Amino acid sequence: MTSQTTPAKPGQESGEPKTPGSGDGLQAGLKNRHLSMIAIGGVIGAGLFVGSGAGIAAAGPAILISYALVGLMVVFVMRMLGEMAAARPSSGSFSAYADQALGRWAGFSIGWLYWFFWVVVLAVEATAGATILEGWVPAVPQWAWALIVMVVLTATNLVSVGSYGEFEFWFAGIKVVAIGAFVLVGLLAVFGLLPGSDHPGSGLAHLTDSGGFFPEGPGAILTGILMVVFSFMGSEIVTLAAGESADPQRAVSKATNSVIWRIAVFYLGSIFVVLTLLPWNDPSITEEGSYVAALNSIGIPHAGQVMDVIVLTAVLSCLNSGLYTASRMAFSLGERGDAPRAFARVNKGGVPQTAILSSVVFGFVAVFFNYRWPDSVFQFLLNSSGAVALFVWLVICFTQLRMRGMILREQPEKLVVRMWLFPYLTWATIAMISFVLVYMLTDDAGREQVLLSLLVAALVVATALVRDALRRKARKAAGPAPESRR
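Residues numbered from 1 in each chain as written. Predicted model: local features only at pLDDT ≥ 70, side-chain atom pairs only at ≥ 80, totals over all residues. Heavy atoms only, no water.

1. Points about the overall build of the chain
Regarding its fold elements, the chain presents 18 helices and zero strands. Over its C-alpha atoms the chain spans a radius of gyration of 23 Å, differing by no more than 12% from the 23 Å that the globule rule assigns to 486 residues. Projecting the C-alpha coordinates of the chain onto the three principal axes gives extents of approximately 80 × 55 × 40 Å. For the chain, buried positions account for 57% of its 486 residues. For the chain, the proportion of contacts with a sequence separation of at least 24, taken over those separated by at least 6, is 80%. Split by element, the accessible area of the chain, about 19100 Å² in all, is 67% carbon and sulfur. (Helix = DSSP H or I, 4+ residues; strand = E, 2+ residues; numbered from the N terminus. Rg over C-alpha atoms; globule rule 2.2 N^0.38 Å. Buried < 20%, exposed > 50% of the residue type's maximum accessible area, 1.4 Å probe, protein only. Contact = heavy atoms within 4.5 Å. Areas by Shrake-Rupley, 256 points an atom, 1.4 Å probe, with all protein chains shown as cover.)

2. Observations regarding the environment of His199
Tracing the backbone shows His199 in the loop between helix H7 (161-190) and helix H8 (220-228). Sequence-wise, His199 and Leu188 are 11 residues apart; in three dimensions their C-alpha atoms are separated by 10.0 Å. Those residues within four positions of His199 in sequence are excluded, and the remaining contacts are Ala189, Thr276, Leu277, Ser297 and Ile298.

3. Some details on the pattern of salt bridges
Within the structure shown, the criterion is met by six salt bridges. Between Arg404 and Glu83 there is a salt bridge, with its nearest N and O atoms 2.8 Å apart. Here Glu83 lies in helix H3 (residues 63-87) and Arg404 lies in helix H16 (residues 388-410), a separation of 321 residues in the sequence. In this pair, the class of Arg404 matches that of Glu83, namely buried. Here Arg471 and Asp338 are joined by a salt bridge, their closest N and O atoms 3.6 Å apart. Residue Arg471 is located in helix H18 (residues 444-478), and its partner Asp338 is located in the loop between helix H13 (303-335) and helix H14 (353-372); the two are separated by 133 residues in the primary sequence. What emerges from the salt-bridge pattern is a single network uniting Arg104, Asp338, Arg467 and Arg471. (Salt bridge = Lys/Arg side-chain N within 4 Å of Asp/Glu carboxyl O.)

4. So, the packing of aromatic side chains
Across all of its chains, the model carries 21 aromatic pairs by this definition. When the ring of Phe76 is compared with that of Trp420, the centres are 6.3 Å apart and the planes differ by 70 degrees; the resulting orientation is edge-to-face. On the criterion of sequence distance, the pair formed by Phe76 in helix H3 and Trp420 in the loop between H16 and helix H17 (424-440) is long-range, its members being 344 residues apart. Residue classification places Phe76 among the buried residues on the basis of a relative accessible area of 10%. For the ring pair Phe232 and Tyr267, a centre distance of 4.2 Å and an interplane angle of 15 degrees mean the geometry is stacked. Of this pair, Phe232 sits in the loop between H8 and helix H9 (237-241) while Tyr267 sits in helix H10 (residues 248-277), and the two are 35 residues apart along the sequence. For the pair Phe232 and Tyr267, one class covers both residues: buried. Chaining the aromatic ring pairs together yields one cluster made of Phe94, Tyr114, Phe117 and Trp118. Arg404 extends its terminal NZ or CZ atom over the ring of Phe422, reaching a point 4.3 Å from the ring centre. (Phe/Tyr/Trp six-rings, centres within 6.5 Å; stacked < 30°, edge-to-face > 60°. Lys NZ or Arg CZ within 6 Å of the ring centre and 35° of its normal.)

5. Quick notes on unusual backbone geometry
Between Phe422 and the following residue, Pro423, the backbone shows a cis peptide bond with an omega angle of 0 degrees. Mapping Pro423 onto the fold places it in the loop between H16 and H17. The phi dihedral of Ser93 is positive, around 45 degrees, even though this residue is not glycine. Turning to its location among the elements, Ser93 is positioned in helix H4 (residues 93-101). Of the residues examined, Ser93 reaches a relative accessible area of 0% and is grouped as buried. Backbone geometry at Leu421 places phi at a positive 45 degrees, although glycine is not the residue there.

6. Here we look at helix H1 (residues 32-41)
With respect to burial, H1 is a largely interior element, seven of its 10 residues being buried. Of the surrounding elements, those touching the buried residues of H1 are H7, H9 and H10.

7. Notes on the environment of Leu153
Secondary-structure assignment places Leu153 in helix H6 (residues 142-159). Its relative accessible area of 4% is what places Leu153 among the buried residues. On a C-alpha basis, the gap between Leu153 and Ile285 in space is 32 Å, while along the polypeptide they are 132 residues apart. Contacts of Leu153, omitting those with residues within four sequence positions, involve Phe167, Phe171, Leu316, Leu319, Asn320 and Leu323.

8. Some details on the side chain of Glu236
Relative to the elements of secondary structure, Glu236 occurs in the loop between H8 and H9. Setting aside anything within four residues of it in sequence, one finds Glu236 in contact with Met78, Leu81, Phe94, Tyr114, Trp118 and Trp393.

9. What to know about the environment of Glu83
Of the residues examined, Glu83 reaches a relative accessible area of 0% and is grouped as buried. In this structure the C-alpha to C-alpha distance between Glu83 and Arg409, which are 326 residues apart in sequence, comes to 15 Å. Not counting chain neighbours up to four residues away, the residues in contact with Glu83 comprise Gln400, Arg404, Ile407, Leu415, Val417, Arg418 and Met419.

10. What about the packing of H4 against H16?
At their nearest, the axes of H4 and H16 sit 9 Å apart, and the two run at 55 degrees to each other. On the basis of their axis angle, the class for H4 and H16 is oblique. Considering how the two elements wind past one another, H4 and H16 form a crossing that is left-handed. Together, Phe94, Tyr97, Ala98, Gln100 and Ala101 of H4 and Val392, Val395, Ile396, Thr399, Arg402, Met403 and Met406 of H16 make up the contact between the two elements. Here the contact of H4 with H16 is composed, by residue class, of nine nonpolar, two polar and one charged. (Axes fitted to C-alpha atoms, helices over the stretch in contact; angles between N-to-C directions. Parallel < 35°, antiparallel > 145°, perpendicular 65-115°, else oblique. Left-handed = near helix turned anticlockwise from the far one by under 90°. Nonpolar A, V, L, I, M, F, W, Y, C, P; charged D, E, K, R; others polar.)

Below, the structure written as structure tokens:
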């Protein structure tokens, strides 16, 4: 296995993103249909299927406003990220952009925090998938199913980026078709138009007939936001994947422009159907799960088993994408000298093999912690990565504030995607994310996540600043160089 990375060209910083074919070693193995489905399916995680019932129970029909507000925040963040990614496609995405716009400490810090987030997600999703599979085949223990799932998806990622794209195409396709069918069939049942349905066709009455639209008060909207915000994590994956496509600018532009309808249909649409099929306080929503309860109310046979298949698909999709995302971030960090250089090496198939294996090893270790010390060590990992999604979104906002000017000065013709009402909406998004973080401190579960995530972030940032100081000291001791990074 040999390195196919190249040193920075004169005038080009080593952290500057490079497009496929410019010597970064990654190959343009993702087709347009792969990227389209990654863009559509990337925003649909298992959390939508599994966690939505708790949100409905906490806020009632007003949870729709919670989803809408978080969805709006994600639309703005994706627009900002799309602006940068269309102009400068990179496998490191926002980490590489933060490196250029805010400084090496920022790219290093957010890159490692994002990697940490996804390797913990690997353990969560592998365990969730193993639980479902053990229910189907109890002869195989849960730990063995987790191992099998991790090994299979690691193997597909090691073959080529095209094999990852193909698996994700079908995984995401099943999710998209399932939710689309659920919304269509559910709406027909809501208005009494579904033949043979057990549902009385109550129309929109359930949105207000059990205590009104705000049964728990308007403040429950904020509680709902805390419960749904993390189910949106993953929207940014397409900007990393675009770096391995033949036409990254087109792929990013298309994904950015479609994020509004994706959130509207898959999140707001499906939750709206649940809330109109059943009263929000129906106990089956939390006991069986919101989607299973909704399907049962229509009279769909074997609703639980059907939903298990869909949730398993969502879990495998998230696991597949998590491994891909963690490895590409590790690759980018290695390429910029912020991780071991071995992470930036690719095999003959253009796959960063060491980065993939290193990520999955940590994932395996986290799975072991989940089985051995679920309430201590693994809970710490879970909580200490819990607020990273919001940190990432904040960094994207601050990066875009500076990157806009850099792109206009250096490559104005590449500013094909623009953030609306810049810089006012960017600052408004920063305020929204900051508010959510501060509000989490008032919630018992949220407080622990924010504080532990801040602790981990502080340690990573401190490491980055110390490394920068040592590098500056070493350069000063070595005397003036022909070219310096900064």
